[in-house]
Amino acid sequence: MKLLEGKTALVTGVANDYSIAWGIAQALREHGAEVAFTYQNERLKEKMSDLVKPFNPKLLTELDVTKDADIARVGQEVFAVYGKLDIFVHSLAFVPKEDLHGDFYKASRAGFAMANDISSYSLIAVTNALLPAFEAAGGGSVMYLTYIGGEYAISTYGLAGVTKAALEISGKYLAQSLGDKKIRVNGISAGPIKTLAARGIKNFSGLQQKAQDFMPLKGEMTPADVAGTAVFLGSDLSKSITGEIIHVDNGFHCVR
Ligand code: 0WD
């Protein structure tokens, strides 16, 4: 029997086949899960329909996390289509370019609010909308993607780091408040991986090279490297783990 046989997963944050969420979705399916997808907007609809064809998903639906109506609808759709949910993968983030690239002390009020709304509040709001489906499953696993820039000030990550700190502590408070419902909430703190979002970070290659020079384990990281941990967190093997953040970064977090 496969590790995730009988489990249903909702994966957000696939923008293309380089996305970390795409690597995670493939691994979840490989291990037996049925996967539903969301895409951010109409512009991505056609591309996503093509990309996810091999999954033949029963649900592929639009979700812009800035819209309460989208969030509520997705919660209802998941329940209506699958009758339950076991795994939710939050793999999305956004920081306005001017606030990501400028001097940190010049971060705008509007940029700060928008970055946190999309990148961290969304974990709380979407998890809440999915509760009926999780409760129907008798519990479940929520996981989110974070970065070490939420623990330390990393040059060029700026405001994105603030959203990651908010995301990580939101994950812990969610873990606390959802424990009674047997819903676990954990973070994966990934090392630098070349994706669309990463390309938006100034001198990402420099950041990646620097990390690789320090990493105890060598080699460029890929979404597939992160996906194994996602499978573990989605499975019953991790049933006593919640409020945790696992660094999947070739050991970068433990060296200076
Ligand atoms: O090195 C990296 N790539 C790392 C990424 C290291 C550590 C953590 N992460 C995190 C990111 O911060 C993010 O939380 O992993 C998560 C996934 O990021 P990714 O796979 O690197 O990036 P990407 O493939 O671009 O997917 C993120 C997607 C967006 O793509 P673009 O690049 O088009 O903004 O997040 C989605 C969107 O599809 N997204 C939204 N989804 C719903 N509503 C929204 C929104 N408002 N805004 C962005």
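Everything below is about the structure printed above this text.
Presented here is an overview of the structure given in this document. (Residues numbered from 1 in each chain as written. Predicted model: local features only at pLDDT ≥ 70, side-chain atom pairs only at ≥ 80, totals over all residues. Heavy atoms only, no water.)

Turning our attention to the overall build of the chain. Assigned secondary structure in the chain consists of 10 helices and 7 strands. For the chain, the C-alpha radius of gyration of 17 Å lies close to 18 Å, the compact-globule estimate for 256 residues. Taken over the C-alpha atoms alone, the chain extends approximately 45 × 40 × 40 Å along its principal axes. Taking all 256 residues of the chain together, 52% fall into the buried category. Restricting to contacts in the chain with at least 6 residues of sequence separation, those with at least 24 account for 74%. (Helix = DSSP H or I, 4+ residues; strand = E, 2+ residues; numbered from the N terminus. Rg over C-alpha atoms; globule rule 2.2 N^0.38 Å. Buried < 20%, exposed > 50% of the residue type's maximum accessible area, 1.4 Å probe, protein only. Contact = heavy atoms within 4.5 Å.)

With respect to the helices and strands, the residue Gln 212 is situated in helix 9 (residues 204-214). Apart from residues no more than four positions distant in its own chain, Gln 212 is found in contact with Lys 218, Gly 219 and Glu 220.

Attention now moves to the sheet that holds strand 4 (residues 87-90). If you walk across this open sheet you meet the 7 strands as 3-2-1-4-5-6-7, and the pairing is parallel. Either end of the sheet is taken by a strand with one partner, and the two such strands are strand 3 (60-62) and strand 7 (245-248). Pairwise comparison of adjacent strand axes, ignoring direction, gives a mean angle of 20° for this sheet. Relative to strand 3, strand 2 (residues 34-39) runs parallel, the two being bridged by 3 bridges. Bridge pairing links Phe 37 to Leu 60 in strand 3. Most of the contacts of helix 5 (residues 109-129) go to strand 4, to which it runs at about 165°, and overall it touches strand 4 and strand 5 (140-146). Along the sheet, helix 10 (residues 223-234) makes contact with strand 4, strand 5, strand 6 (183-190) and strand 7, crossing strand 6 at roughly 170°. (Pairing = 2+ DSSP bridges. Axes fitted to C-alpha atoms, helices over the stretch in contact; angles between N-to-C directions.)

Attention now moves to the site of the ligand. The environment of the ligand is formed by 26 residues, the closest being Ser 19, Ile 20, Lys 164, Ile 193 and Thr 195. Thr 195 places a side-chain nitrogen or oxygen 2.5 Å from an oxygen atom of the ligand. Its free accessible area being 860 Å², the ligand has 91% of it covered by the protein chains. Counting only elements with at least two residues in the shell around the ligand, the list comes to strand 5 and helix 8 (196-199). By residue class, the composition of the shell around the ligand is 17 nonpolar, 7 polar and 2 charged. (Near = heavy atom within 4 Å. Polar contact = N/O pair within 3.5 Å; in protein donor to acceptor, adjacent residues only side chain to side chain. Areas by Shrake-Rupley, 256 points an atom, 1.4 Å probe, with all protein chains shown as cover. Nonpolar A, V, L, I, M, F, W, Y, C, P; charged D, E, K, R; others polar.)

Glancing now at the nonpolar core. In terms of nonpolar packing, the biggest core is built from 50 residues, with Val 11, Ile 24, Leu 28, Phe 37 and Val 226 touching the most fellow members. No other element matches helix 1 (residues 20-30), which puts 7 residues into this core. Residues in contact with Leu 28, not counting those within four places in the same chain, are Leu 4, Ala 9, Val 11, Ala 33, Val 35, Val 89, Ala 230 and Val 231. Counting residues in hydrophobic clusters, the runner-up holds 30 residues, among them Leu 63, Leu 85, Leu 167 and Leu 174. (Core = buried A, V, L, I, M, F, W, Y, C linked by side-chain atoms within 4.5 Å.)

Residues of strand 4 alternate between two faces, with Ile 87 and Val 89 on one and Phe 88 and His 90 on the opposite face, all of them buried. When strand 1 (residues 8-11) meets strand 4, the two strands line up parallel, connected through 3 bridges. Pairing of Leu 10 across the sheet is with Phe 88, part of strand 4. As paired strands, strand 4 and strand 5 are joined by 4 bridges and run parallel to one another.

Before going further, it helps to examine the pattern of salt bridges. This model, assessed by the stated rule, comprises 9 salt bridges. When the shortest N-O distance is used, the salt bridge between Asp 50 and Lys 53 registers 3.3 Å. Glu 220 is the partner of Lys 194 in a salt bridge, and the nearest nitrogen-oxygen pair spans 3.5 Å. Pair noted here: Lys 194 is in the loop between strand 6 and helix 8 and Glu 220 is in the loop between helix 9 and helix 10, with a separation of 26 residues, a long-range link. The class for Lys 194 is partly exposed, based on a relative accessible area of 43%. Through salt bridges with shared partners, a single network forms among Asp 70, Arg 73 and Glu 77. (Salt bridge = Lys/Arg side-chain N within 4 Å of Asp/Glu carboxyl O.)

A separate point is the packing of aromatic side chains. The description of an aromatic ring pair uses the distance of the two centres, along with the angle that the planes make with each other. Counting across every chain of the model gives 4 aromatic pairs. Pairing Trp 22 with Phe 37 gives two aromatic rings, centres 6.1 Å apart and planes at 40°, and the pair type is tilted. Linking Trp 22 in helix 1 with Phe 37 in strand 2, this pair joins segments that are 15 residues apart in sequence. A relative accessible area of 7% places Trp 22 in the buried class. Clustering of aromatic rings is evident, with ring pairs tying together Trp 22, Phe 37 and Phe 55. Over the face of the ring belonging to Phe 55 we find Arg 29, whose NZ or CZ atom lies 4.3 Å from the ring centre. Sitting above the plane of the Tyr 152 ring, Arg 256 keeps its charged end 4.4 Å from the centroid. (Phe/Tyr/Trp six-rings, centres within 6.5 Å; stacked < 30°, edge-to-face > 60°. Lys NZ or Arg CZ within 6 Å of the ring centre and 35° of its normal.)

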